[in-house]
Amino acid sequence: MSTENNALAAMLAQYETNNKPTYEKKSEKVYDLKNYFNTYIKEGVKSATKQIRILSVESGSPFVEFSGHKIKVDGEFKTFACLKEEKGQPCPFCEAREALLATGKETDKVLAKDYKAKKMYIVKLIDRENEADGVKFWRFNHD
């Protein structure tokens with residue numbers, strides 16, 4: 001009987017843990033550009049050299065594959081994760097692309113190219129010029 005009671009108690013504890021309210025206040029994440037490695041060079045400069053150290057991981061490649069959509073928003077290109085590829089959920093960008101392709105019009109086919117998910121990579125690194133900033137993330141396109 002005590003084994004059944006222990007199993008029941010474990011199941012109830014698991015249920016309680018998994019059904020905690022989602023409205024608990026979480027720590028606020030602060031967007032800080034120092035967390036991201038920037039490869040842009042100043043206007044008028046033709047080329048530049050950056051020195052980095054890619055951080056190794058325990059197993060596998062340090063380059064994490066990522067699928068995203070690059071869309072121009074308010075005059076700037078923004079990258080959004082492809083929900084279809086990353087989480088297996090409906091993706092509004094992929095749905096828009098499919099709707100455009102379904103029309104059969106050449107102009108819509110050209111527009112649909114802007115909504116295609118692209119393979120990218122993310123890697124953790126140290127910027128040798130700014131080591132005090134700590135670990136940074138660098139996202140770059142497959143091509």
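The text that follows walks through the structure, step by step, so that each part is easy to find. (Residues numbered from 1 in each chain as written. Predicted model: local features only at pLDDT ≥ 70, side-chain atom pairs only at ≥ 80, totals over all residues. Heavy atoms only, no water.)

**Here's the deal with the layout of surface pockets**
So, point 1. Its boundaries defined by the atoms lining it, the second largest pocket holds a volume of some 150 Å³.
So, point 2. Lining the second largest pocket are L55, S56, V57, P62, V64, I122, V123, K124 and F137.
So, point 3. In the lining of the second largest pocket, the residues fall into seven nonpolar, one polar and one charged. (1 Å grid on protein atoms, 1.4 Å probe; cavity = no way out; pocket = protein on both sides within 12 Å on 5 of 7 lines; lining within 4 Å. Points joined across faces, edges and corners; volume = space filled by probe spheres on them. Nonpolar A, V, L, I, M, F, W, Y, C, P; charged D, E, K, R; others polar.)

**Observations concerning a nonpolar patch on the surface**
So, point 1. A cluster of nonpolar residues, L8, M11 and L12, forms a patch on the protein surface that exposes about 300 Å² of accessible area.
So, point 2. With respect to the helices and strands, L12 occurs in helix α1 (residues 2–18). (Patch = residues over 30% accessible without salt bridge, like charges linked within 9 Å, V, L, I, M, F, W, Y side chains within 5 Å. Areas by Shrake-Rupley, 256 points an atom, 1.4 Å probe, with all protein chains shown as cover. Salt bridge = Lys/Arg side-chain N within 4 Å of Asp/Glu carboxyl O. Helix = DSSP H or I, 4+ residues; strand = E, 2+ residues; numbered from the N terminus.)

**Digging into helix α3 (residues 92–103)**
So, point 1. Taking 1.5 Å of rise per residue, the twelve residues of α3 would be expected to cover 16 Å, and the 17 Å separating its terminal C-alpha atoms lies within 8% of that figure.
So, point 2. Residues F93, C94 and L100 constitute the buried set of α3. For α3, the buried positions fall inside an angular range of 125° around the axis, keeping them on one side. Opposite its buried face, α3 presents the exposed residues P92 and A102, each directed more than 90 degrees away.
So, point 3. Buried-residue contacts for α3 involve β2 (64–73), β3 (76–81), α2 (83–87) and α4 (106–112).
So, point 4. Where α3 terminates, the next one or two residues include G104, which has phi positive at roughly 80°. (Expected span 1.5 Å × (residues − 1). Buried < 20%, exposed > 50% of the residue type's maximum accessible area, 1.4 Å probe, protein only. Arc of directions from axis to C-beta. Contact = heavy atoms within 4.5 Å.)

**What about the pattern of salt bridges?**
So, point 1. Within the structure shown, the criterion is met by seven salt bridges.
So, point 2. K119 serves as the salt-bridge partner of E65, at 3.7 Å between the closest nitrogen and oxygen. On the criterion of sequence distance, the pair formed by E65 in strand β2 and K119 in strand β4 (residues 118–127) is long-range, its members being 54 residues apart.
So, point 3. K109 is paired through a salt bridge with E106; the nearest N and O atoms lie 3.7 Å apart. Within this pair, K109 and its partner E106 are both found in helix α4, separated by three residues, close to a single helical turn.
So, point 4. Accessibility expressed as a relative area gives 54% for E106, which makes it exposed.

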